[in-house]
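Residue-level structure breakdown
The chain contents come next:
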There are 2 protein chains.
Amino acid sequence: MEELEKLYEQIKRIRRAQEVCNLFYWDMQTVMPAGGVQVHSDTYNHYERKLFNMETSKELKDVLEKLSEEDIYKQLNPTNKFIVKRMLRNLEKNEKIPRKLANENIEITTKAQFNWKRAKKNSDYSLFENDLYSLISVKKEMYRFTDPEKDAYDAMIDKYEEGMTSEVIDGLFEELKKELIPLLKDVLEREKNANRSVFEGKKFDISRQKEIQDFLLKYIGFDFSKGVVGETEHPFTMSFNSGDVRITNHFYEDNVLSGIFSAIHEGGHAIFEQNINPDYDNSVAGGCDNMGIHESQSRFYENVLGRNINFWIPIYDKIREIEPEFNDISLNDFAEEIIRVKNDYIRVDADELTYCLHIILRYEMEKAIFRDNVPVDELPKLWNQKMEEYLFITPLNDSLGILQDSHWSGGDFGYFPSYLLGSIYDGMLLEQIEEELGSVDEILKNGDIIKITRWLNEKI
Amino acid sequence: MEELEKLYEQIKRIRRAQEVCNLFYWDMQTVMPAGGVQVHSDTYNHYERKLFNMETSKELKDVLEKLSEEDIYKQLNPTNKFIVKRMLRNLEKNEKIPRKLANENIEITTKAQFNWKRAKKNSDYSLFENDLYSLISVKKEMYRFTDPEKDAYDAMIDKYEEGMTSEVIDGLFEELKKELIPLLKDVLEREKNANRSVFEGKKFDISRQKEIQDFLLKYIGFDFSKGVVGETEHPFTMSFNSGDVRITNHFYEDNVLSGIFSAIHEGGHAIFEQNINPDYDNSVAGGCDNMGIHESQSRFYENVLGRNINFWIPIYDKIREIEPEFNDISLNDFAEEIIRVKNDYIRVDADELTYCLHIILRYEMEKAIFRDNVPVDELPKLWNQKMEEYLFITPLNDSLGILQDSHWSGGDFGYFPSYLLGSIYDGMLLEQIEEELGSVDEILKNGDIIKITRWLNEKI
């Protein structure tokens with residue numbers, strides 16, 4: 001079919017431009033020296049603009065509309081039907097954004113990411129404040145065009161979790177808050193008499209941490225022939241296509257668990273991406289519109305599997321072989337440590353209980369920004385107030401507070417709820433897996449985690 | 001001037017496309033997993049074609065010809081004069097290449113680089129042989145178009161060393177061969193009674209090798225705010241512009257000197273690139289048409305400075321601090337080792353004496369390929385014969401022989417002589433530096449190497 005050929009020609013053009021943008025993003029995050037910022041940003045923005053133009057072009061629209069005509073559409077196979085529908089929906093949304101505004105969005109996002117990194121490093125919110133203000137304004141403006149009938153923040157949530165609304169989330173989160181805050185208080189009271197952490201004062205060599213990371217990734221099913229691991233300020237996963245899925249990690253000498261659980265978390269994302277149907281590669285069909293589902297995968301590995309002592313039974317000797325420091329730490333002490341509840345500042349290192357409160361806090365911050373229009377200069381104070389209220393601590397500085405996450409600097413407002421939704425989905429997944437495969441404890445104890453990976457790859 | 005603005009608009013377009021190609025190249029060499037080859041190659045080739053089209057476009061030609069008109073040209077400043085002349089010359093050369101042939105060249109070069117890596121890894125020449133054949137044919141064909149009046153191999157040499165011919169090189173190299181082969185024989189005879197290497201049997205941790213590398217690079221003047229270091233099969237330097245210059249290294253546990261001297265060598269290239277006039281950034285004017293001069297910089301650091309015991313006097317304690325294995329090796333033993341003459345297989349690890357013979361061998365191989373049309377399946381045998389004749393050893397396999405260098409797989413025929421020309425220039429540089437700055441031995445001993453770096457940055 002001629003029209004289909006035209007579509008695939010357009011998809012190829014878009015895929016190439018997208019690949020260039022992704023590669024610049026990856027390089028800027030993982031490799032690029034400071035001296036390259038100016039020139040690379042210019043080129044990156046140029047290709048982001050090109051990509052936006054391609055995705056909203058008249059040629060593409062013509063092809064998609066033609067293919068959507070009833071008598072043609074019904075002849076398409078299910079994959080192509082899905083691609084046509086999804087691309088047309090995206091195009092119809094994005095074409096409403098004035099070109100000038102779209103370009104502004106691209107520029108401010110690139111700039112904000114660099115300034116956020118500087119701000120976090122120097123723990124100086126003022127280095128990021130202006131960019132945050134611009135990002136918020138641009139996003140509000142954009143959603144006014146794409147979703148004029150919707151509340152802007154609801155539109156943002158819908159972007160990452162199709163069909164979800166803040167009304168639903170409000171209900172879920174209020175319920176959680178009511179249970180979790182008193183529970184946390186209780187647990188902390190009891191923790192007062194608990195043993196000191198076996199990790200306290202210990203330092204772990206970074207190159208051996210990397211070895212452990214690689215071992216764990218292989219163990220849970222990450223395919224190194226279709227992926228790599230880099231190092232960044234904030235761990236993330238990015239996928240070019242199912243044959244090239246990249247994750248990053250961040251290591252601390254005095255916090256070996258951070259790198260271990262970030263690796264397992266991003267590994268979960270990556271395994272999901274590496275196992276997407278290659279037919280969908282390089283088109284919107286390969287993307288995921290339910291980041292809650294995506295996060296359910298990463299958080300399933302991280303929490304349901306990784307924080308289970310049985311996960312470690314078959315491999316703890318291997319970990320000790322790589323890093324003899326673990327010889328001083330019994331498996332039981334280790335297992336206790338990885339589920340210890342601690343009211344600390346950093347979300348990515350949080351236990352399962354406080355993690356929920358970290359997310360609720362961010363969700364409320366985003367509502368404060370987009371619904372109550374709280375000015376940017378008051379946000380750090382608001383953040384700290386909420387930390388006191390939910391976690392009973394006050395961040396020592398903004399790096400440990402409002403500057404800790406990269407999401408907002410990339411314009412990703414409305415993403416955070418996905419993490420918690422992911423955890424909620426995980427409860428359902430666990431039930432279903434146990435019904436079909438039997439006890440997860442047993443599977444883990446026997447070193448058969450790949451059975452679970454295979455199940456997830458097939459079913460999700 | 002309106003025409004000048006148009007030119008700079010074109011230069012910006014070209015710079016962006018060039019940057020995309022460079023970034024893909026960098027990524028394919030340093031990061032990309034095997035599963036990404038197919039898709040990334042397609043995109044890389046696409047942008048290489050685009051770049052070629054831009055560099056030979058009618059719009060660019062019109063602007064350059066307009067700016068070359070006498071009354072306009074004379075109003076240009078020296079930088080712009082240089083840019084116009086150089087770009088027009090390149091355009092007039094490249095536009096003679098039929099588009100189809102140019103595309104073929106792009107495709108085969110990308111493919112050949114992957115296959116060479118596989119071939120080298122598996123020490124299986126047959127995995128690379130067909131690509132080498134195609135590369136040779138395409139290059140011959142291309143030079144028939146761009147330099148119909150010239151011998152193809154002379155045209156290739158001219159590409160890397162403007163104005164140089166094989167006649168001049170023949171004279172130089174024949175003379176060297178006459179002196180060096182008997183000298184090598186003599187030295188080897190005497191070496192028979194020399195002590196065993198103090199490095200024999202020792203293993204060096206790779207992460208500490210990297211620490212040493214970073215220390216050395218900083219010490220000689222590499223600016224990490226304008227550069228990074230990656231890891232590849234074969235070390236190289238690539239420059240986006242003076243603010244982002246990248247080098248790579250390769251490490252062997254059982255050969256710590258390889259990583260050390262590769263770092264100093266590539267560091268020399270990079271320091272040169274980081275200090276090019278930023279006015280020339282992003283245009284052909286920032287490029288170097290005398291790779292012999294480029295190699296004179298890398299080889300000056302590697303050999304004239306790095307193989308001088310005085311280089312190590314102020315820093316040997318620091319090296320020992322990073323890698324305690326060096327505590328067993330006295331500075332004198334170390335200094336003796338780094339100038340030890342050894343007839344070994346690998347060029348990049350060769351001492352100064354045998355290095356020359358490695359280059360002469362490659363130069364003669366290239367003449368055999370392009371002048372005598374020796375078939376590709378006979379090349380490994382010819383390589384090994386020459387190794388026996390000049391270095392008295394036979395490579396154990398093709399990885400240690402004809403497959404060791406990456407140059408041919410990238411289509412870089414005619415480059416090798418630049419290394420030796422660089423060494424010849426270095427003799428002159430040393431003389432001039434000592435005249436202006438005093439004894440290099442003293443400067444090194446006092447830890448003042450930055451004085452030399454500054455001199456080189458200013459004068460070269």
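The notes below deal with the structure included here.

In this section: the overall build of chain A. Per the secondary structure count, chain A includes 20 helices and three strands. The C-alpha atoms of chain A give 23 Å as radius of gyration, which agrees with the globular expectation for 460 residues (23 Å, within 12%). By principal-axis analysis of the C-alpha atoms, chain A measures approximately 70 × 50 × 45 Å. Within chain A, the proportion of its 460 residues that are buried is 55%. At a minimum sequence separation of 6, the contacts of chain A that also span at least 24 residues come to 73%. When the accessible surface of chain A is totalled, it reaches about 20000 Å², and 47% of it is carbon and sulfur. Each charge class in chain A can be summarised by its mean position, and for the 58 positive and 86 negative side chains these summaries are 3 Å apart.

On to the interface of chain B and chain A. At the junction of the two partners, chain B supplies 35 residues and chain A supplies 35 residues. Considering only the surface of chain B that becomes buried against chain A, Arg16, Leu23 and Pro33 of chain B emerge as the three largest contributors, covering 20% of it. Taken together, chain B and chain A are joined by six salt bridges. Arginine 15 of chain B is the salt-bridge partner of aspartate 42 of chain A, the closest N and O atoms lying 2.8 Å from each other. Summed over the shared surface of chain B and chain A, the number is 22 residue pairs in polar contact (both at pLDDT 80 or more). Contributions of two or more residues to the side of chain B that touches chain A are made by helix 1 (2–30), helix 2 (37–55), strand 1 (227–231), strand 2 (237–241) and strand 3 (244–249) of chain B. Here the residues of the side of chain B that touches chain A sort into 14 nonpolar, 11 polar and 10 charged.

At an RMSD of 0.0 Å, chain B and chain A line up after a rotation of 180° and a shift of 0.0 Å along the axis. The transformation just described matches what one would write down for a two-fold rotation axis. With an isologous cut-off of 70% or more, the 100% of interface residues of chain B that recur at the interface of chain A puts this contact in the isologous class.

This brings us to the sheet that holds strand 1 of chain B. Residues and elements named next belong to chain B. Here we have three strands laid out as an open sheet, ordered 1-3-2, and mixed in their pairing. Every other strand in the sheet has two partners, leaving strand 1 and strand 2 as the edge strands with one partner each. Put simply, the sheet's adjacent strands are angled 20° from each other on average, direction ignored. Pairing of strand 1 with strand 3 involves five bridges; the strand directions are parallel.

In this section: the packing of aromatic side chains. Following the criterion strictly, the structure yields 53 aromatic pairs over all chains and no others. Measuring from centroid to centroid gives 6.2 Å for tyrosine 355 of chain A and tyrosine 419 of chain A, while their planes differ by 70°, and the two rings are edge-to-face. One end of the pair, tyrosine 355 of chain A, is in helix 16 (residues 352–370); the other, tyrosine 419 of chain A, is in helix 18 (residues 417–437), with 64 residues separating them in the sequence. The class of tyrosine 419 of chain A is buried, set by a relative accessible area of 7%. Put simply, the rings of Tyr153, Tyr160, Phe173, Tyr355, Tyr363, Phe370, Trp383, Trp408, Phe413, Tyr415, Phe416 and Tyr419 of chain A touch in pairs and so form one group of aromatic residues. A cation over an aromatic ring shows up here: arginine 246 of chain B above the ring of tryptophan 26 of chain B, its NZ or CZ 5.2 Å from the ring centre. The ring of tyrosine 419 of chain B carries the charged tip of arginine 347 of chain B above its face, separated from the ring centre by 4.6 Å.

Conventions and cut-offs
- Along each chain, numbering runs from 1 in the same order as the chain's sequence is written.
- Following the order in which they are written, the chains are lettered starting with A and the ligands numbered starting with 1.
- Restriction of local features to residues with pLDDT of at least 70 applies here, the model being predicted, together with a cutoff of 80 or more for giving and counting side-chain atom pairs; totals for whole chains, interfaces and linings are based on all residues.
- Hydrogens and waters are ignored; side-chain quantities use all the structure's heavy atoms.
- Here a helix means four or more residues in a row that DSSP labels H or I, a strand means two or more in a row labelled E, and each is numbered from the N terminus.
- The size measure is the radius of gyration over C-alpha atoms, and the globule rule it meets is 2.2 Å times the number of residues to the 0.38 power.
- Exposure categories follow from relative accessible area, calculated using a 1.4 Å probe and restricted to protein chains: below 20% of the type maximum is buried, above 50% is exposed, and the middle band is partly exposed.
- Note on definitions: a residue-residue contact is assigned when non-hydrogen atoms from the two residues lie within 4.5 Å.
- Where accessible areas are quoted, they stem from the Shrake-Rupley method and a 1.4 Å probe; at the residue level, only the protein chains shown are allowed to cover.
- In this tally Asp and Glu are treated as negative and Lys and Arg as positive; neither His nor the chain ends contributes.
- Charge coordinates come from a single atom per side chain, which is NZ of Lys, CZ of Arg, CG of Asp or CD of Glu.
- Buried surface area refers to the total accessible area, computed with a probe of radius 1.4 Å, that the two partners give up upon joining, counted for both partners together.
- Here a salt bridge means any side-chain nitrogen of Lys or Arg lying within 4 Å of a carboxyl oxygen belonging to Asp or Glu.
- Under the rule applied, a polar contact is a pair of N or O atoms within 3.5 Å (in protein, one hydrogen donor and one hydrogen acceptor; residues adjacent in sequence only if both atoms are side-chain atoms).
- Three classes are used: nonpolar for Ala, Val, Leu, Ile, Met, Phe, Trp, Tyr, Cys and Pro, charged for Asp, Glu, Lys and Arg, and polar for all others, with Gly counted as polar.
- What sets the superposition is a least-squares fit of C-alpha atoms, and only residues with pLDDT of at least 70 in both copies go into it.
- Two strands pair under a simple rule: DSSP has to find at least two bridges between them.
- Note on method: axes are straight lines fitted to C-alpha atoms, helices fitted across the in-contact stretch only, with angles between N-to-C directions ranging 0 to 180 degrees.
- Centres within 6.5 Å make a pair out of two Phe, Tyr or Trp rings, where for Trp the six-membered ring is used; the pair is then stacked when the planes are under 30 degrees apart, edge-to-face when over 60, and tilted otherwise.
- Placement of a charge over a ring requires the Lys NZ or Arg CZ to be within 6 Å of the ring centre, with the centre-to-atom vector within 35 degrees of the ring normal.

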